[in-house]
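Here are the chains, one letter per residue:
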Amino acid sequence: MAETGTWTAKFRRQPYVVQLIWASLALAFLVAAATLNWSLAFIAAATFLLSLAPILFVRRIGVQLPMSFFAGIVIFIYATIFLGEAFDLYERYSWWDVVLHGGSALGFGLIGFLFVFTMFEGDRYAAPAWAMAFIAFSFAVTIGALWEIFEFFMDQTFGLNMQKSGLVDTMWDLIVDVIGGSFGAFSGFLFLKGRQLGGFTGVLHEFIQKNRKLFRRLRK
């Protein structure tokens, strides 16, 4: 009973959007199992397990994730795997893939900045703000390019159609990656300058406050 209570408490501490997503996945799994739709059941279970991965990973490396950051990751996984695959939204809506690519690139831009800022232990003046932002941008675009290489490899090796329209799809994905990565990196630039860009710089500030040990040279 104590263990059940602990899991219930952890569930309730999560953002409401995460609770809603987990509840919908549980419901989808039960309905799919009852109707012997094992494909949907597998996708629902896989999506749920992958949504737990960030929690396990950050605990492993001793980092605390802001709720907003974690919620964004869970929403992305849910939209990519469950909604995209189970309900075939990639085929129904041409903009679905574009939105997800842009969102992931923005996220990787923020992560890239935090990675660079961690290397300098929070010293705002260890390198020019534009240089830190450029490294963050490069990180995000590199991840996007590696993903496109992965899609090409899967299509060529296993006869899949991840690239959809081939070169055109790849180029649009890379363009969106550049735009999303630019926003993420620019958020880091504005953070170093003490300015704001919507909630993105707020996410950076929240992460740094939760992990002060990684940013020992940060000046208030």
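From a predicted model like this one, the values you see are computed outputs, not experimental measurements.

### Describing the overall build of the chain
The number of helices and strands found in the chain is nine helices and zero strands. For the chain, the succession of helices and strands along the chain, N to C, is α-α-α-α-α-α-α-α-α. When its C-alpha atoms are laid out on the principal axes, the chain stretches across 60 × 55 × 30 Å. A buried classification covers 38% of the 220 residues belonging to the chain. A separation threshold of at least 6 residues defines the contact pool for the chain, and within that pool the share at least 24 residues apart is 63%. Carbon and sulfur atoms form 70% of the exposed surface of the chain, whose accessible area is close to 13200 Å². If you average the places of the 17 positive and of the 14 negative side-chain charges in the chain, the two averages end up 20 Å apart.

### Topic: the side chain of H101
Inspection of the secondary structure puts H101 in helix α6 (residues 95-119). Judged by its relative accessible area of 8%, H101 is buried. Look past the residues within four positions of H101 in its chain and what remains in contact with it is W147, E148, D173, V176 and D177.

### Here's the deal with helix α2 (residues 16-34)
Residues separated by three or four positions in an α-helix point in the same direction, a consequence of the helix having 3.6 residues per turn. Between the first and last C-alpha of α2 there are 27 Å, a value that for 19 residues agrees with the 27 Å anticipated at 1.5 Å per step. Directly beyond the C-terminal end of α2, a positive phi value near 60° is found at L36.

### Focus: unusual backbone geometry
One non-glycine residue, L36, lies in positive phi territory at about 60°. The residue L36 is located in the loop between α2 and α3 (38-61) in this model. Phi at E121 is positive, roughly 55°, even though this residue is not glycine. Residue classification places E121 among the partly exposed positions, given a relative accessible area of 22%.

### So, helix α9 (residues 200-210)
Within the sequence span of α9, burial applies to T201, V203, L204, F207 and I208. Each buried residue of α9 sits inside an arc of 155° when the element is viewed along its axis, so together they form one side. Contacts made by the buried residues of α9 are with α4 (67-86), α6 and α8 (167-192).

Conventions and cut-offs
Residues numbered from 1 in each chain as written. Predicted model: local features only at pLDDT ≥ 70, side-chain atom pairs only at ≥ 80, totals over all residues. Heavy atoms only, no water. Helix = DSSP H or I, 4+ residues; strand = E, 2+ residues; numbered from the N terminus. Buried < 20%, exposed > 50% of the residue type's maximum accessible area, 1.4 Å probe, protein only. Contact = heavy atoms within 4.5 Å. Areas by Shrake-Rupley, 256 points an atom, 1.4 Å probe, with all protein chains shown as cover. Lys, Arg positive; Asp, Glu negative; His and termini not counted. Charge placed at Lys NZ, Arg CZ, Asp CG, Glu CD. Expected span 1.5 Å × (residues − 1). Arc of directions from axis to C-beta.

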